[in-house]
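Here is what each chain is made of, one letter per residue.
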There are 2 protein chains.
Amino acid sequence: MALKFELLKTHKNARRGRIYLPHGVVETPTFMPVGTNANVKLMTPENLEEIGAQIILANAFHLYLKPGMEVLRHHNGIHDFMNWEKPILTDSGGFQVFSLRKGRKITKEGVLIKSPLDGSMRMITPELSMEIQNSIGSDIVMAFDYCAEPGISHQDAVVALELTTLWAERSLKSIRNMSDQSIFGIVQGAFYKDLRERSAKEITSMDFDGFAIGGLSVGEGYDITLEMTEFTVPLLPENKPRYFMGAGAPRLIVDLVNLGVDIFDSVLPTRVARHGQALTWKGKMNVRAAKYKFDKSPIDDECTCYTCRNYSRSYIRHLFDRGEVLGQMLLTIHNLHFMMDLSKKIRESIDGGYFEKLRGEVLKYYD
Amino acid sequence: MALKFELLKTHKNARRGRIYLPHGVVETPTFMPVGTNANVKLMTPENLEEIGAQIILANAFHLYLKPGMEVLRHHNGIHDFMNWEKPILTDSGGFQVFSLRKGRKITKEGVLIKSPLDGSMRMITPELSMEIQNSIGSDIVMAFDYCAEPGISHQDAVVALELTTLWAERSLKSIRNMSDQSIFGIVQGAFYKDLRERSAKEITSMDFDGFAIGGLSVGEGYDITLEMTEFTVPLLPENKPRYFMGAGAPRLIVDLVNLGVDIFDSVLPTRVARHGQALTWKGKMNVRAAKYKFDKSPIDDECTCYTCRNYSRSYIRHLFDRGEVLGQMLLTIHNLHFMMDLSKKIRESIDGGYFEKLRGEVLKYYD
């Protein structure tokens, strides 16, 4: 079933939407927790339900290496495998493939890379990426793209753009022949407006079910991220969902919603949780700090998550102090709850016409 | 409130009992999960409730070092601190203190040891141990004892025994002056029957609320463990609970119940879970094995735990294969559920008069 997207309301450029998918409905804007290896680190599906996750992201490339397509098909896809019944979006492997620069060989056919797990050489093509994502059975599939690195020359960025367009065509054709999974195209073009414009034109000319902005928030300056997004978003059709790949910082999310983006993902909230950093409505907080040794208050007074309902800063600090993984578990729950709460508050503020006020609140504490 | 113990039924030497404690009722025989640093590794209190844990063990010595008595008192004890409302038993630190042999100095007063956390020298006395356990607020406190190492000479074992008796007197006096927490005395005597007899006589002559058998299952042969226990148990009063310190192997537990022991604890079920070993009704199982790659059945067909209700061997194997901690979380739930299920089945079999049949079943799969 191809997705259905409803644009419910706009507030200036900010959009309030709803995506209907085979495994459920996704209210947008929303953040997607990342579950790389068929699990969101330290979270059970029940934990994800409780924090209000509507859709999670899984990584095609990682799942291709392990457990492999055979195992995934044997389980009829990732939903049964990992016991998660709600929607899943899979990335195409484009980003991972381009992170593995050593020994990589790029041709029109695809990308030859060395597996980080066993050193074997693997040829990843758009068709293989679709086959993997089909074996995963995700609700939304991403086209296989060429994610250029920061600092790429205009000349090289043209090559990347042209391959991205070519591979987008082949991805679309391949998945349509294989299943009725929805597929998003990805706009690239590095940090060149003329290329962003050309990529947007070429990608949106194809019959994708949604569009992603790729190749940003990969190390460039914050102003450039916003400038390129502001330039690209108006080139995308209004009637389809817009996904910015790799946004997890609260500030970036409200700024992107402000520009008209609907969906986000990042490992940031879960990764910083494992290092003892909590996201709160008063900014970031290092729970390992000595000043919390006797602090009986919850991580965040305004938070209603399992962790804040039941545990003190003092206890969580103690768990981190002793290297007890339960501390990481509790903070992961808190941080993902914060991200879903932020998403919900963004939606409510667009509904209520006060998104800019909420954005101001977030920007006050996250710079 | 001192505990109340009811001996409900016996089947030969096996005992079915009930202990009333300030934080709840404990049906015996039962296994106690170990929560060294104010948490059972990878388990939330809700997880512990769900697997049927009635009482958990915490370690006075570890909690004394961190978070320290000040923090514990600030939280009015460990129950509020860790969000666990059911009974807690604390060991006295005797076992930990005697594991830290380097630079240790033993006198009548107590034991001078070097903190493994910061290298500082700490003098642990029976009185300090009681003060720590009082700050923890456990339902059952253990007397401070001298746990002798395997291979100890008869002469040295006499010294250990005499200190254990002296410290038991001081522990009892100290805790009675301080609170109405229940306290268990610990019978030592190494692997010498004359000393076990003398220790049992001296310790049981004091007004303890229950008795533990200490200094066994510390590296001696299995036959010696059983022989010493069989010799010691009849020297303990019938009307008080009996606790064998450090038993977690299913075979050892049914053998000890068979000799008349009521309570057990060990880190074994949780530790092996973190290394990929599952305890099942058909014996131990290494879930990392390649043969489970496509196996869609649960860890144990006969098991009703959260893990077995929701996940396949194939998925859990994948999580271990990728180093995902969720695999350890799921297996910890399973193994502790198995231990509580084993405890429950033991109780039912004593009630029903078929304990020996159950013991035979367990011995068939655990050797």
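Residues numbered from 1 in each chain as written. Chains lettered and ligands numbered in written order. Predicted model: local features only at pLDDT ≥ 70, side-chain atom pairs only at ≥ 80, totals over all residues. Heavy atoms only, no water.

This part takes up the sheet that holds strand S12 (residues 210–213) of chain A. Residue and element names in this part refer to chain A. With respect to topology, eight strands assemble into an open sheet ordered S4-S14-S13-S12-S11-S10-S6-S5, the strand pairing being parallel. Of all strands in the sheet, those with a lone pairing partner are strand S4 (30–32) and strand S5 (56–59), marking the two edges. Direction aside, the axes of adjacent strands within the sheet are offset by 25 degrees on average. Judged from the three bridges that link them, S12 and strand S13 (residues 242–244) form a sheet pairing that is parallel. When the bridges of S13 are listed, Ala212 appears paired with Tyr243. On the sheet, helix H6 (residues 126–136) packs against strand S6 (88–91), strand S10 (140–142) and strand S11 (182–187) and is oriented at approximately 160 degrees with respect to S10. Across the sheet, helix H7 (residues 154–178) lies against S10 and S11, angled at about 180 degrees from S11, the strand it touches most. (Pairing = 2+ DSSP bridges. Helix = DSSP H or I, 4+ residues; strand = E, 2+ residues; numbered from the N terminus. Axes fitted to C-alpha atoms, helices over the stretch in contact; angles between N-to-C directions. Contact = heavy atoms within 4.5 Å.)

Attention shifts here to the relation of the copies chain A and chain B. Placing chain A over chain B gives an RMSD of 0.0 Å and needs a rotation angle of 180 degrees, together with 0.0 Å of translation along the axis. The transformation relating the two chain copies, once decomposed into turn and shift, fits a two-fold axis. The residues that chain A uses at the interface reappear at the interface of chain B in 97% of cases, marking a shared surface. (Least-squares fit on C-alpha atoms with pLDDT ≥ 70 in both.)

Moving on to the pairing of strand S8 (residues 111–114) of chain A. All names here are of chain A. Burial along S8 is one-sided: the residues Val111 and Ile113 are buried and none of Leu112 and Lys114 is. Where strand S7 (residues 105–106) meets S8, two bridges bridge the pair, whose relative direction is antiparallel. Across the sheet, residue Ile106 finds its bridge partner in S8, namely Val111. Taken together, S7 and the strand that follows it, S8, pair antiparallel across an intervening segment of four residues. (Buried < 20%, exposed > 50% of the residue type's maximum accessible area, 1.4 Å probe, protein only.)

The next point concerns the UniProt feature "binding site: Zn(2+)" in chain A. Residue and element names in this part refer to chain A. Mapped onto this numbering, the UniProt entry annotates "binding site: Zn(2+)" at Cys303, Cys305, Cys308 and His334. Separation in sequence by 32 residues is not matched in space for these annotated residues, since their most distant C-alpha atoms are only 8.3 Å apart. Looking at the element boundaries, Cys303 is found in the loop between strand S16 (283–286) and helix H12 (306–310). When residues no more than four places from it in sequence are discounted, the contact partners of Cys303 are Cys308, His334 and His337. As for its position among the elements, His334 is in helix H14 (residues 325–352). On the basis of relative accessibility, which here comes to 0%, the residue His334 falls in the buried class. Beyond its immediate stretch of four places on either side in the chain, His334 contacts Ala278, Leu279, Thr280, Ile299, Asp300, Cys303, Cys305, Thr307 and Cys308. (UniProt positions renumbered as here; feature names shortened; annotations may be inferred.)

The next point concerns the packing of aromatic side chains. Residue and element names in this part refer to chain B. The full count for this structure, using the stated rule, is 16 aromatic pairs over all chains. Centre to centre, the rings of Phe144 and Trp167 are 5.1 Å apart; their planes meet at 35 degrees, and the pair counts as tilted. Highlighted residues: Phe144 in the loop between strand S10 (140–142) and helix H7 (154–178) and Trp167 in helix H7, separated in sequence by 23 residues. For Phe144, a relative accessible area of 0% translates into the label buried. (Phe/Tyr/Trp six-rings, centres within 6.5 Å; stacked < 30°, edge-to-face > 60°.)

Here the focus is the pairing of S12(A). Residue and element names in this part refer to chain A. Residues Gly210 and Ala212 point to one face of S12 and Phe211 and Ile213 to the other, with burial holding for every one of them. Across four bridges, the pairing between S11 and S12 is parallel. Considered in S12, the bridge of Gly185 is made with Phe211. One crossover worth recording links S11 to the parallel S12 by way of helix H8 (residues 193–204), and it is right-handed. (Right-handed = clockwise from strand over helix to strand, strands pointing away.)

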